[in-house]
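Survey of secondary and tertiary structure
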Amino acid sequence: MPPSTPFRQFVLKVHSRCDLACDHCYVFEHADQSWRGRPVAMAVRTMERTAERIAEHVRAHGLTEVCLVLHGGEPLLAGAGHLRDLAIALRKPLSGICEIDLRMHTNGVLLDRRYCELFREQNIKVGISLDGDRTANDRHRRYRDGRSSYDKAVRAIDLLRREYPDRYSGLLCTVDVANDPIAVYEALIAHAPPAIDFLWPHHTWDRPPPAGTGDWLKAVADRWLDDGRPVPVRIFDSIISTARGGPALTESLGLEASDLLVVETDGAYEQADSLKTAFDGAPDTGMDVFRHSIDDVGRHAGIGARQGGLAALCEKCRECPVVATCGGGLFAHRYRGDGTGFANPSVYCGDLLALIGHVQERTTRAPHVLSPAVVRSVATGHGDRAAIARLGTAQAIGRRSLLAAVGAATAPSDAWEAIKRIGAADSDAYDWALSHPYVRAWAVERLRALNRPGGPGPAPQRDDGLLATVACLAAARAAENLTLPVPVRDGSVYFPGIGRHEVPGRQETRVRVDAGSLDVEGATRFDAVRHLTAGTFTVALDDLDPFRGCHDHPAAGRLDAAAFARWHAFFEEAWTLLEKEYAEYAPAISEALTTIVPLDPPASGASVSSAARDAYGSVAIALPETPAMLCLLILHEFQHVKLGAVLDFADLYDKADDRLYHAPWRQDPRPLEGLLQGTYAHVAVADFWLRRARDPDPDTAAEAARNFGDWYPKTLAATGALQDCGALTGLGEQFVATMRRTLESWDVSDPGPKR
C-alpha cells in the first residue's frame, strides 16, 4: 500500500563536508555524527538512481511538480564541473513528466561568476545563509581558524543581486537571542532578498534553548508588519496563512503531513536533517535509492509520525488554542530522552504560543479577517456573542463587495451614484440597507446573470431594482431626501426587510424618500414584513421577499392572520425553551438571526427546514407540530448559518477534494463540505435531545432518549470520518477536533431525567 502523503520536496546531499565550522550546525555539531561515514561527494550514478526513484514516485502519485534542493555540508565544495554533471543526471529522468523547482542552499563563501553561470545554465535558484550584520554573522559562521565568513557571504549576495537576480532566491538566518533583532532584520533587508527564512536554533528538551526566542521574533515581526511586509518572511507568512486555514509554508509550523525526504551522498534515505539534533541515528531509515523505492521509505514509522496531523500530537498540543498554526512545532524540537521520545510539546512551546498569538492578533484586526479565536469559538458548537458579532462584521464587508461588483457591472444610474455617496458619508446607513439576508441572495443572482456566458454582452444592463431599492433604503436611514426611478418586478416593488408595494400596470415607478419615509408612485397596496417577538428578541417573519426561494423547499406565500398568530405563539414558546434549556446557544442566535422564512409544509407532515449559504442571518422553516420542534429546527439551521459564515472567510478543507463521503444520517453520499456542515449541525441536534431526555415528563424524556441514542453515535462517527479524510486544513483539523471534544465532554452514561 502506498504512503498516504507523497513526497514533493527532496533534499539532495551533494557534498557531506563544509568549509566553515559554524558552532550551531545541526549536521556537524549535534548528536548525529553519521556524516563521518558518508562519501565526501555524491557520485553521478547515485544521483541518476535518485532521479529515477523520484521519477517513479512522480508517476505513481501523479505529481505535477517537485522541489529539489542541492544541499550539504556545503554543496559548492563539489565543484562546478561535478555539480553540472549532477544537475544533468538529476534532470534527465524527470524531463517531461513534471515541473522541477531546483534550488541550492549555500554559505556563499565560494560563490563566483563561474558558479552563477552554471546556476543560470541549469536553472538553479540559490539561497544564502546569513545571520544578519557582521557582529551577528560572526557569532557562529566562522572558519575553523576563527576567521570571519561575513565579507565573502556578502560579496556572493551582491554578485547575485547585481548580475544574477533571477538566480537569487533569498536569505536564511538562524536566530540567536544574543543578537539585536532589529539590527539583524535591517541588515537582511538591506540585501534586498526575494525572501527571508528565520530558522529556530535546534534544541531539544535534553538541551533546552536560552529564553527569549519568541520575544526576539516578535520584535522582528512588529518591524516587518510596520514596514508593510516588504518581503516574504516564511515563518510570519505561515502564521498568517494558517490562521485563515491556508497552508504552512515551512516544516516547522502547521499540521500538514510532512512531504520532505533527504537523500545522503551515499544514496541513503533519511528523514529531516533537523532530527540530527535529537540522538545519533535519529534521521536514519535503513533504506537507500539502490534497494528501495520512495514509497517504501514512505511507510517508515518515523515518516508516518510526521504525517499524522493533529492526532499524532501529544495531548497538551492537541488542546492548544494555536495548534492549527503551531502544529506542535518542528518534530525534532519535541524530543526528550526520558523515554517519551517525540511525544512532547516543542521545547519552544512558550515561544511559539507567544509569537503566534502576537502575529495573529496584529494581522486579524481588519474586520473582514476572522481571527482563529473566532473560529475556535464557533467550533465549540455555540459561538459566543463576540465571535458571532465578528462574523456579522465580516459578512457586512462581503455584502458591500458584492454590491460594488453589481454596481460596476451595471449601466450608470442615479441609484448607484446615490449608493456610493451615502456609503461614503454614512456607512452605518449603507450597511443597514444591505443587512436583510436576501439582499446578498439577490446580489449573487444578479452577478451570475451579468456574468453568465451568453448573457448581457458588452453593453452594461440597466439596474434590475437591486441598486435602486438599496439606495432608497440607505437614503431613508441616512435621512437624505431623494427621488429615484425603481423597476417594478411582477407588479410590485419590494424593499428588503420593510415590505411590498403593489404597483399594477407599470414597468417602472418613482420612489420619493422624504424624512425617512418611502413614497411609491402608483402604489395601490402595501404589505409590511411582520415580526415575531419573544421577550426582547425579535425576528422578521418574511413571507414577501422575492429572493427567499433560494432554499431547498418552496417558500410559503403570504400567511393569513391566523397562520401568523400561530407562528407567533410557537416562536414565543420555542424561544423561551431555548433560552432556558439551551442558553449557551441563545447569545449567538440573538446576535445574528434576523429573519425566518416560512416554508410550505410538506404533504408527508415531516419537519422541513433549510439555511441558504447566500442568506446569512436567515433560516427557513415549515412550522412544525410543536414549539419544541421549532426550537430544535432553529438550533439546527443556525448551525449551518454560523459555519457557512466561517467558510466564507476561512478554509477548513481542501476545495480540490472532490470525493463523496458517507453521512450516517443520509442515504446519498455527500461532498466534504456537506459532511462538515451536517456534522456541525447535528452537534446541536444531539445536544437538544440529550437535554430534552432529562425532561421530567416521562414520555418526552423517553422520546428524546431514543433520538439521542440515534443522533449521538452518528454525529460522533461523522467527526471521525472527517478526521480521517486527509483533506482538512490545519484550521479544519482543529475545528473538527473541537467539535469532537464538545461531544465527548457530555455525560452520556444516563441521558434520562435527573432526579
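The following refers to the structure shown. (Residues numbered from 1 in each chain as written. Predicted model: local features only at pLDDT ≥ 70, side-chain atom pairs only at ≥ 80, totals over all residues. Heavy atoms only, no water.)

1. Structural notes on the overall build of the chain
Counting secondary structure elements, the chain contains 25 helices and 22 strands. Dimensions of the chain along its principal axes, counting C-alpha atoms only, are 95 × 65 × 50 Å. Across the 755 residues of the chain, 56% fall into the buried class. Contacts spanning at least 24 positions in sequence make up 70% of the contacts within the chain whose residues lie at least 6 apart. (Helix = DSSP H or I, 4+ residues; strand = E, 2+ residues; numbered from the N terminus. Buried < 20%, exposed > 50% of the residue type's maximum accessible area, 1.4 Å probe, protein only. Contact = heavy atoms within 4.5 Å.)

2. As for the environment of serine 16
Assignment of secondary structure puts serine 16 in the loop between strand E1 (9-13) and helix H1 (44-61). Of the residues examined, serine 16 reaches a relative accessible area of 6% and is grouped as buried. Once residues lying within four places of it in the same chain are set aside, the contact partners of serine 16 are Phe28, Trp35, Arg38, Pro39, Val40, Gly73 and Thr265. Engagement of the side chain of serine 16 in a polar contact is seen with the side chain of arginine 17, the distance being 2.5 Å. Engagement of the side chain of serine 16 in a polar contact is seen with the backbone oxygen of proline 39, the distance being 2.9 Å. (Polar contact = N/O pair within 3.5 Å; in protein donor to acceptor, adjacent residues only side chain to side chain.)

3. What about the environment of arginine 400?
In this structure, arginine 400 sits in helix H15 (residues 385-409). The class for arginine 400 is partly exposed, based on a relative accessible area of 32%. In this structure arginine 400 touches Tyr430, Asp431 and Leu434, once residues within four positions along its chain are discounted.

4. Examining unusual backbone geometry
Trans peptide bonds make up most of the peptide bonds, and negative phi angles are found at most residues other than glycine. Omega for the peptide link from glycine 72 to glycine 73 comes to 25°, which places this bond in the cis form. One can find glycine 73 in the loop between strand E2 (65-71) and helix H2 (80-91). At asparagine 123, a position not held by glycine, the phi torsion is positive, near 55°. Taking relative accessible area as the criterion, asparagine 123 reaches 40% and is therefore assigned partly exposed. Despite not being glycine, aspartate 490 shows a phi value in the positive range, around 50°.

5. Re empty space enclosed by the protein
Per the counting criterion, the structure on display carries three cavities of 30 Å³ or more. When its volume is computed, the largest cavity comes out at roughly 60 Å³. Taken together, Lys13, His15, Ser16, Val27, Trp35, Gly72, Gly73, Glu264, Thr265 and Lys276 make up the lining of the largest cavity. Counted by class, the lining of the largest cavity contains two nonpolar, five polar and three charged residues. Counted as a void, the second largest cavity has a volume near 40 Å³. (1 Å grid on protein atoms, 1.4 Å probe; cavity = no way out; pocket = protein on both sides within 12 Å on 5 of 7 lines; lining within 4 Å. Points joined across faces, edges and corners; volume = space filled by probe spheres on them. Nonpolar A, V, L, I, M, F, W, Y, C, P; charged D, E, K, R; others polar.)

6. Some points on the layout of surface pockets
Considering only enclosed or pocket space, the second largest pocket measures out at about 1000 Å³ in volume. What lines the second largest pocket is a set of 36 residues, and nearest its centre among them are Asp552, Ser609, His636, Glu637 and His640. Of all the secondary-structure elements, those providing two or more residues to the lining of the second largest pocket are strand E19 (609-610), helix H22 (627-649), helix H23 (672-692) and helix H24 (698-724). With 10 residues, H22 is the single largest residue contributor to the lining of the second largest pocket. Of the residues assigned to the lining of the second largest pocket, the class counts are 14 nonpolar, 14 polar and eight charged.

7. Let's talk about the sheet that holds strand E15 (residues 525-528)
Reading across the sheet, the three strands line up as E11-E12-E15 and stay open at both edges, with antiparallel pairing between neighbours. Every interior strand has two partners, whereas the edge strands, strand E11 (492-495) and E15, have only one. Between one strand axis and the next, the sheet turns through 15° on average, direction left out of account. In terms of strand pairing, strand E12 (residues 499-502) meets E15 through four bridges, oriented antiparallel. By the bridge assignment, glycine 499 is partnered in E15 with alanine 528. (Pairing = 2+ DSSP bridges. Axes fitted to C-alpha atoms, helices over the stretch in contact; angles between N-to-C directions.)

8. Considering the packing of aromatic side chains
With the rule as written, the count across this model stands at 19 aromatic pairs. Aromatic rings pair up to connect Phe198, Trp216, Trp224 and Phe236 into one cluster. In this arrangement the basic side chain of lysine 714 is found over the ring face of tryptophan 711, its NZ or CZ atom lying 5.4 Å from the centre. (Phe/Tyr/Trp six-rings, centres within 6.5 Å; stacked < 30°, edge-to-face > 60°. Lys NZ or Arg CZ within 6 Å of the ring centre and 35° of its normal.)

9. Examining H23
With 21 residues, H23 extends 30 Å from end C-alpha to end C-alpha; this agrees with the ideal 30 Å at 1.5 Å per step. Taken across its 21 residues, H23 has 20 buried, putting it largely inside the fold. (Expected span 1.5 Å × (residues − 1).)

10. Examining the packing of helix H8 (residues 234-243) against helix H13 (residues 349-363)
Put simply, H8 and H13 touch, their axes get as near as 10 Å, and they point 65° apart. By the criterion of interaxial angle, the relationship of H8 to H13 is roughly perpendicular. The crossing of H8 and H13 is right-handed. The segment H8 lies against H13, with Ile235, Phe236, Ile239, Ile240 and Ala243 engaging Leu355, Ile356, Val359, Gln360 and Thr363. Residue composition of the contact of H8 with H13, by class: eight nonpolar, two polar and no charged. (Parallel < 35°, antiparallel > 145°, perpendicular 65-115°, else oblique. Left-handed = near helix turned anticlockwise from the far one by under 90°.)

11. Quick word on helix H16 (residues 414-425)
With 12 residues, H16 should cover 16 Å at 1.5 Å per step; its first-to-last C-alpha distance of 16 Å lies within 8% of that length. What H16 keeps buried is the set Ala415, Trp416, Ala418, Ile419, Ile422 and Gly423. Projected down its long axis, H16 shows its buried positions confined to an angular sector of 155°, all on one face. Seen from the buried face of H16, the exposed residues on the opposite side, beyond 90 degrees, are Asp414, Ala424 and Ala425. Contacts made by the buried residues of H16 are with H15, helix H17 (427-434), helix H19 (466-477) and strand E10 (482-487). (Arc of directions from axis to C-beta.)

12. Brief notes about the nonpolar core
Formed by 91 residues in total, the largest nonpolar core has its most connected members in Leu68, Phe198 and Phe236. The biggest single contributor to this core is helix H5 (residues 150-163), with seven residues. When near neighbours in sequence (up to four residues on either side) are disregarded, phenylalanine 198 contacts Cys173, Val175, Val184, Leu188, Trp216, Leu217, Val220, Val233 and Ile235. Membership of the second largest hydrophobic core comes to 82 residues, among which are Ala592, Val646, Ala663 and Ala693. (Core = buried A, V, L, I, M, F, W, Y, C linked by side-chain atoms within 4.5 Å.)

13. As for the environment of alanine 555
Looking at the element boundaries, alanine 555 is found in the loop between strand E17 (537-541) and helix H20 (561-581). For alanine 555, a relative accessible area of 22% puts it in the partly exposed group. Alanine 555 sits 177 residues away from glycine 732 along the chain, and the two C-alpha atoms are 33 Å apart. When residues no more than four places from it in sequence are discounted, the contact partners of alanine 555 are Arg548, Val597, Pro598, Leu599 and Asp600.

14. Looking at the pairing of E11
In E11, alternate side chains face the same way, and those of Ser492 and Tyr494 on one face and Val493 and Phe495 on the other are all buried. Where E11 folds back on E12, the antiparallel hairpin that results is connected by three residues, among which glycine 497 adopts a positive phi of roughly 80°.

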